[in-house]
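# Coordinate analysis (summary)
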Amino acid sequence: MIDKSDQQSFQRLRLNLRQVEVFLATAGSGSTRAAADRIARSQSAASTSLAELEAALGVELFDRIGRRLLLNENGRALLPKAQALVEQAAEVQALFTDEHAAPLRVAASFTIGEYLLPSLVSRWTQRHPKSRIHLRIGNTRDVIDAVAALEVDIGFVEGSQTHSDLVVRPWLDDEMVILAAPDHPLADRCATTRQLAGATWVLREHGSGTRQFADEWLLKHLGQVRVGFELGSTEAIKRVVAAGDGLGCLSRHAVQQSVADGHLVELRTRLPKASRQLAIVLHREKRLGRASADFLAHCSAAELHPAG
């Protein structure tokens, strides 16, 4: 039985999920034409749905600049709530099917995405064969931006950068080590700070959490760092260091297998141990779905086996 107060509550709902879906697609693509392509509707239907949503809410959600639609402050306020609403609707829709809701979207910085998450994702999918994960890998700045823009559900980062819209949760400890080729002149001795300051370094690019930490640690103790190469890939750094006379500074997780195989050596130095905190970043206003929460618990509890 539905009483009058319930009927009035239902009648007050002036928007629908189709309108919200169009809003999200437009926010992500910048036009109703592109949004229509994303959700398999005509452009006129998408434009009508967006206009109806703005009318129902009594505000404009986008700034119209030429043919582009850019989120204004109203649209930015609506975005996380709209995302959560559609995700919850997808979960409801999937309740009585064999399929899960939309794939879990994860972004990770290079060290984590290339060396730590592969084994975690593999074990997750073995236990949840119908649960899909889309993994994006970039530098720390890219991951922060993706989580802040609600392009992904969860971010894993190795840098200290953050954003006012994000919540940062400590995850794992990580140690930075200095590397050289096995035949490097410093490979069989304890390197002094003078020798390290005079060496040529092969480091990650700016914007990388690994580079940020390396700069802070090395400059503090060496006074100067002569950078010969800036590379956007950890694997590229390992190869350049192994083939030349440059020194590298990378996560122990990233070089564990290369050191064990003898392709690289970890230098002994007089520098203090360099540890950093790997972290999970989440949007402050985004509601975690069941799959996201379960995956986070899986990552926090699992024993890690870094990839080679």
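Residues numbered from 1 in each chain as written. Predicted model: local features only at pLDDT ≥ 70, side-chain atom pairs only at ≥ 80, totals over all residues. Heavy atoms only, no water.

### Quick look at unusual backbone geometry
- Phi at Leu150 takes a positive value of approximately 65 degrees, unusual for a residue other than glycine.
- Looking at the element boundaries, Leu150 is found in the loop between α7 (140-148) and β5 (154-157).
- Look at Leu150 and you get buried, because its relative accessible area is 4%. (Helix = DSSP H or I, 4+ residues; strand = E, 2+ residues; numbered from the N terminus. Buried < 20%, exposed > 50% of the residue type's maximum accessible area, 1.4 Å probe, protein only.)

### Structural notes on the packing of helix α6 (residues 110-127) against helix α10 (residues 234-243)
- For the pair α6 and α10, the least separation of the axes is 10 Å and the interaxial angle reads 85 degrees. One element, α6, and the other, α10, form an angle in the roughly perpendicular class. Contacts between α6 and α10 involve Thr111, Glu114 and Tyr115 on the former and, on the latter, Thr234, Glu235 and Lys238.
- Along the lines of polarity and charge, the residues of the contact of α6 with α10 split into 1 nonpolar, 2 polar and 3 charged. (Axes fitted to C-alpha atoms, helices over the stretch in contact; angles between N-to-C directions. Parallel < 35°, antiparallel > 145°, perpendicular 65-115°, else oblique. Contact = heavy atoms within 4.5 Å. Nonpolar A, V, L, I, M, F, W, Y, C, P; charged D, E, K, R; others polar.)

### Some points on the state of the cysteines
- Taken as a whole and judged by the stated rule, the model has 0 disulfides.
- Take Cys249: it sits in no disulfide, and the sulfur closest to it among the cysteines is that of Cys190, at 16 Å.
- Take Cys249: its relative accessible area is 2%, and that puts it in the buried class. (Disulfide = S-S within 2.5 Å.)

### Structural notes on a nonpolar patch on the surface
- Judged by side-chain polarity, Leu15, Leu17, Leu57, Val59 and Leu85 come together as a nonpolar surface patch covering roughly 360 Å² of accessible area.
- With respect to the secondary-structure elements, Val59 resides in the loop between α4 (43-57) and β1 (62-65).
- Judged by its relative accessible area of 32%, Val59 is partly exposed. (Patch = residues over 30% accessible without salt bridge, like charges linked within 9 Å, V, L, I, M, F, W, Y side chains within 5 Å. Areas by Shrake-Rupley, 256 points an atom, 1.4 Å probe, with all protein chains shown as cover. Salt bridge = Lys/Arg side-chain N within 4 Å of Asp/Glu carboxyl O.)

### A word on the side chain of Lys238
- Within the fold, Lys238 resides in helix α10.
- At a separation of 3.3 Å, a polar atom in the side chain of Lys238 contacts the side chain of Ser258. (Polar contact = N/O pair within 3.5 Å; in protein donor to acceptor, adjacent residues only side chain to side chain.)

### Points about helix α9 (residues 209-222)
- Counted at 1.5 Å a residue, the expected span for α9 with its 14 residues is 20 Å, and the 20 Å between its end C-alpha atoms agrees.
- Gly209, Thr210, Arg211, Phe213, Ala214, Asp215, Trp217, Leu218 and Leu222 are the residues of α9 that are buried.
- Measuring from the backbone nitrogen of Thr210 back to the side-chain oxygen at the start of α9 gives 3.1 Å, which picks out Ser208 as the cap.
- Of the residues flanking the end of α9, it is Gly223, one or two places downstream, whose phi is positive at about 85 degrees. (Expected span 1.5 Å × (residues − 1).)

### Notes on the packing of aromatic side chains
- Here the structure, examined in full by the defined rule, presents 4 aromatic pairs.
- A centroid spacing of 5.7 Å and a plane angle of 55 degrees characterise the contact between Phe23 and Phe62, whose relative ring orientation is tilted. A residue pair is termed long-range when its members are at least 10 positions apart, and Phe23 in helix α2 (residues 17-29) and Phe62 in strand β1 qualify at 39 residues. Taken individually, Phe23 and Phe62 each receive the classification buried, so the pair is uniform in this respect.
- Taken together, a centroid distance of 5.4 Å and an interplanar angle of 85 degrees make the contact between Trp124 and Phe295 edge-to-face. Within this pair, whereas Trp124 is found in helix α6, its partner Phe295 is found in helix α12 (residues 290-301), the two being separated by 171 residues in sequence. As far as burial versus exposure is concerned, Trp124 and Phe295 are alike and both buried.
- Joined through ring pairs, the aromatic side chains of Trp124, Phe156, Trp171 and Phe295 make up one cluster. (Phe/Tyr/Trp six-rings, centres within 6.5 Å; stacked < 30°, edge-to-face > 60°.)

### Remarks on the pairing of strand β4 (residues 133-138)
- Pairing of strand β3 (residues 104-109) with β4, which is carried by 6 bridges, proceeds in the parallel orientation. Across the sheet, Ser109 pairs through a bridge with Gly138, a residue of β4.
- Between β3 and its parallel partner β4, the chain crosses via α6, and the hand of that crossover is right-handed. (Pairing = 2+ DSSP bridges. Right-handed = clockwise from strand over helix to strand, strands pointing away.)

### Some words on the pairing of strand β2 (residues 68-71)
- Taking every second residue as pointing to the same face, the buried face of β2 carries Leu69 and Leu71, while none of Arg68 and Leu70 on the other face is buried.
- As paired strands, β1 and β2 are joined by 4 bridges and run antiparallel to one another. Bridge pairing in β2 links Phe62 to Leu71.
- The hairpin formed by β1 and β2 contains 2 residues between the paired strands, and Gly66 there has a positive phi angle of roughly 65 degrees.

### A look at helix α5 (residues 73-93)
- With 21 residues, α5 ought to run about 30 Å at 1.5 Å a step, and its terminal C-alpha atoms sit 31 Å apart, in line with that.
- Along its length, α5 shows its largest kink, about 35 degrees, at Leu79, and proline Pro80 lies within four residues downstream of that point.
- For α5, the complete set of buried residues consists of Gly75, Leu79, Pro80, Ala82, Gln83, Ala84 and Glu87.
- Looking at the buried residues of α5, the elements they touch are α2, β2, β3 and β13 (274-283).
- Residue Asn72 occupies the N-cap position of α5, its side-chain oxygen lying 2.9 Å from the main-chain nitrogen of Asn74. (Bend = angle between axes of the 7 residues up to and from the residue.)

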